[in-house]
Amino acid sequence: MPQTDKQICIPPELPELLKQFTKAAIRTQPQDLIQWAADYFGALSCGEIPPVREWSERVALSNWAELTPELLKILHSRVAGRLIIHADELAQMWKVLSLPTDLFNSVMNVGRFTEEIEWLKFLALACSSLGVTIAKTLKIVCEVLSSDHDSGPPRIPFSTFQFLYTYIAEVDGEISASHVSRMLNYIEREVIGPDGLIKVNDFTQNPRVRLE
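Residues numbered from 1 in each chain as written. Predicted model: local features only at pLDDT ≥ 70, side-chain atom pairs only at ≥ 80, totals over all residues. Heavy atoms only, no water.

A closer look at the packing of aromatic side chains
Any pair of aromatic rings gets described here by the distance separating the centres and the angle formed by the planes.
(1) Moving on: Counted under the stated rule, the structure contains 13 aromatic pairs.
(2) Moving on: With centroids separated by 5.1 Å and ring planes inclined at 25°, the aromatic side chains of F21 and F41 adopt a geometry described as stacked. In this pair, F21 is assigned in helix α1 (residues 14-28) and F41 in helix α2 (residues 33-45), connecting sequence segments 20 residues apart.
(3) Moving on: Here F21 falls in the buried class, since its relative accessible area comes to 16%.
(4) Moving on: Considering the side-chain rings of F104 and F122, the 5.5 Å spacing of their centres and the 50° angle between planes classify their relative orientation as tilted. One end of the pair, F104, is in helix α5 (residues 101-111); the other, F122, is in helix α6 (residues 119-128), with 18 residues separating them in the sequence.
(5) Moving on: Take F104: its relative accessible area is 8%, and that puts it in the buried class. (Phe/Tyr/Trp six-rings, centres within 6.5 Å; stacked < 30°, edge-to-face > 60°. Helix = DSSP H or I, 4+ residues; strand = E, 2+ residues; numbered from the N terminus. Buried < 20%, exposed > 50% of the residue type's maximum accessible area, 1.4 Å probe, protein only.)

Shown next, in the form of structure tokens:
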């Protein structure tokens, strides 16, 4: 087959289109992602409103347990500190807790996970199904990851917060990388103490920290 120097042109509207599709998939969490995607783009092509469910419209299926921070904390304890977990093992853990299969599949699809899953990324996307905003999502993640058992606010290493915030903002697609960088630099410089930990209050009650 002859070689060609023809350059592939990416339509300028494609990145924004895919970004909005990804956000809609996270919000809706369809049971059949492929069919829902067909309906989604079909509606757009006809100038109609795509079938996107808002967070408040989601109802837990009667045969499944509703996802909660407490169940995610149990799941996190069973991952036992591993950074990478096999998809089949995580799916079995999820099943044992009677969590919705469609939610697991949605997180897998949105995160584009394959056989080897980065646990913190999976956890962040699972928490995003409970959090209306990025700040709320990060608050839930901190509560799940925190090992503090006293009455104080949950705390996690700033390096972990930095990784999670950057990833969630990237998936969300609405926040510029420069804004994320400014917020992280401010938090590291002005908020984080010698212990290198960030508390939930540091980013939920500080008026100078605007994560979105």
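Some points on a nonpolar patch on the surface
(1) Moving on: Taken together, I10, L14, L17, L18, F41 and L44 make up a surface patch of nonpolar side chains, about 470 Å² in accessible area.
(2) Moving on: Elements supplying a minimum of two residues to the nonpolar patch: α1 and α2.
(3) Moving on: Ranked by the residues each element gives to the nonpolar patch, the list is headed by α1, at three residues.
(4) Moving on: Considering the arrangement of structural elements, one finds L18 in helix α1.
(5) Moving on: Taking the relative accessible area as the measure of exposure, L18 reaches 38% and is therefore partly exposed. (Patch = residues over 30% accessible without salt bridge, like charges linked within 9 Å, V, L, I, M, F, W, Y side chains within 5 Å. Areas by Shrake-Rupley, 256 points an atom, 1.4 Å probe, with all protein chains shown as cover. Salt bridge = Lys/Arg side-chain N within 4 Å of Asp/Glu carboxyl O.)

Focus: the environment of L211
(1) Moving on: Positionally, L211 belongs in the segment after α10 (200-204).
(2) Moving on: In this structure, the C-alpha to C-alpha distance between L211 and L138, residues 73 residues apart in sequence, is 9.7 Å.

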